[in-house]
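Results of the structural survey
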Amino acid sequence: MSDQRVYNFAAGPSVLPLSVLERAGSEITNYRGSGMSVMEMSHRSKVFIDIFQQTQDKLRRLMNIPENYRILFLQTGASGQFSAIPLNLIGTTGRASYAVTGNFSHLAYQEAQKYGRITLACDTGDRNHCYIPRQSGLALDPEASYFYYCANNTIYGTEWDYVPDTGGVPLVCDMSSDILSMPVDVSKFGIIYAGAQKNMAPAGLTVVIIREDLPGHELPDTPLMMNYKTMVDKDSMYNTPPCWCIYMLGLTLDWVEEHGGPEGMEKLKWQRANLLYETLERSPLFQLHADKDSRSGMNVTFRTGSEELDAKFVQEAAGAGFVNLKGHRKTGGMRASIYNAMPVEGVEKLCDFIRAFEKNNSEGR
Ligand SMILES: *Cc1c(COP(=O)(O)O)cnc(C)c1O
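Reference entry: report on the structure contained in this document. (Residues numbered from 1 in each chain as written. Predicted model: local features only at pLDDT ≥ 70, side-chain atom pairs only at ≥ 80, totals over all residues. Heavy atoms only, no water.)

A sheet is described by the order of its strands in space; here three strands give the open sequence 11-12-14, paired in antiparallel fashion. For this open sheet the edge positions go to strand 11 (287–288) and strand 14 (334–337), each flanked by a neighbour on one side alone. Pairing between strand 11 and strand 12 (residues 299–303): two bridges, direction antiparallel. Bridged to Leu288 within strand 12 is Phe302. (Pairing = 2+ DSSP bridges. Helix = DSSP H or I, 4+ residues; strand = E, 2+ residues; numbered from the N terminus.)

As structure tokens, then:
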């Protein structure tokens, strides 16, 4: 097994397309005749500026990002945006509205409370974040400077299947774990942001897509490096950007384009997810965490109801080449993260394994 690639169901950092890794490998010591690795290049060199620009252009093209939006390549981690967003946006009215549907939106909500008056549009903690509220269940604050939500809840395995209507309040969305897995109408958003390590590139890059009119209203104490205006004015190069990750994002975007763009990704997403959900639904041994109408196409959360059997599942799966299936401690059980780069074949084989495990462990139950 050691010389073979496994099927990696990690939640993040997570699987990247094999052809992307191979391409990066083939260029690792000498990038296209430059005589050096992208890791060794000045971020001000022409060869790197070309990589940077092309990556921005590709993302703009693939996501159909309108002209009045800027694309930033930052190093803050998705979590850094929990602070950057209120620091930059809350000054307008001193208020903001948060939809708490999981761990990361809860952390963002807590952080924002340092900077203004935050109201809850919803909190699905009453049922351990197993569902997404409908539009009618959102308590909106018309005076909010922005409305914040997280499109896909990586830990709990739920995903919004609609873009909330906030009646003109700018929408801010954490798309870390489902960006590029479906077409998105960017013009509905004020900010879309995502840590790269789930669906795009290695850890170390955070992509921020921001409407032009939003930077420039930051609170006075906003740190220089958290100020969107700094990064917009300097095209993400106030300081050294995460060069290698940006290069890797470029390769991943080529791969996404070759596979039909976000539309192609969306087809594959539900092909993978439906296979897994149908297999688990049919099995008397497993229970799914998320409500049926709120299920994520990226993170599938399930359990047997017995911690002992869950542990056995995770261990035997790893032995069979399906790794990182242990669920987050907040949900327990198992979680299969099936991002863009997970081949459908990997999920088909996992389903075979699930059926075999069920057969071998159902006696007397
Ligand atoms: C992983 C994740 C984060 C945290 O990302 P970091 O880059 O580690 O800060 C935030 N939000 C979502 C939805 C995530 O999946």
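Moving on: the sheet that holds strand 5 (residues 147–150). The seven strands lie next to each other as 2-10-9-8-5-3-4, forming an open sheet whose pairing is mixed. The open sheet is flanked by strand 2 (69–74) and strand 4 (117–123), the only strands paired with a single partner. In this sheet, neighbouring strand axes are inclined to one another by 15 degrees on average, regardless of whether the strands run parallel or antiparallel. Pairing of strand 2 with strand 10 (residues 206–211) involves six bridges; the strand directions are antiparallel. Looking across to strand 10, one finds that Arg70 is bridged to Ile210. Lying over the sheet, helix 2 (residues 46–63) contacts strand 2 and strand 10, oriented at roughly 130 degrees with respect to strand 2. Packed on one face of the sheet, helix 4 (residues 103–112) meets strand 3 (95–100), strand 4, strand 5 and strand 8 (171–174) and runs near 160 degrees to strand 3. (Axes fitted to C-alpha atoms, helices over the stretch in contact; angles between N-to-C directions. Contact = heavy atoms within 4.5 Å.)

Contact geometry for helix 3 (residues 77–89) and helix 4: axes closest at 9 Å, N-to-C directions at 45 degrees. If you check the angle between helix 3 and helix 4, you find them oblique. In this structure, helix 3 crosses over helix 4, and the sense of that crossing is right-handed. Where helix 3 approaches helix 4, its residues Phe82, Ser83 and Pro86 are matched on the opposing element by Phe104, Leu107, Ala108, Glu111 and Ala112. Looking at the contact of helix 3 with helix 4, its residues break down into six nonpolar, one polar and one charged. (Parallel < 35°, antiparallel > 145°, perpendicular 65-115°, else oblique. Left-handed = near helix turned anticlockwise from the far one by under 90°. Nonpolar A, V, L, I, M, F, W, Y, C, P; charged D, E, K, R; others polar.)

In this model, Gly12 is joined to Pro13 through a cis peptide bond whose omega is -10 degrees. Within the secondary structure, Pro13 sits in the loop between strand 1 (7–8) and helix 1 (18–26). Positive phi outside glycine occurs at Leu180, with the angle close to 65 degrees. Relative accessible area serves as the criterion here: at 2%, Leu180 is assigned to the buried category. Positive phi values are uncommon outside glycine, yet Asn324 reaches one of about 65 degrees. Here Asn324 is to be found in the loop between strand 13 (322–323) and strand 14. (Buried < 20%, exposed > 50% of the residue type's maximum accessible area, 1.4 Å probe, protein only.)

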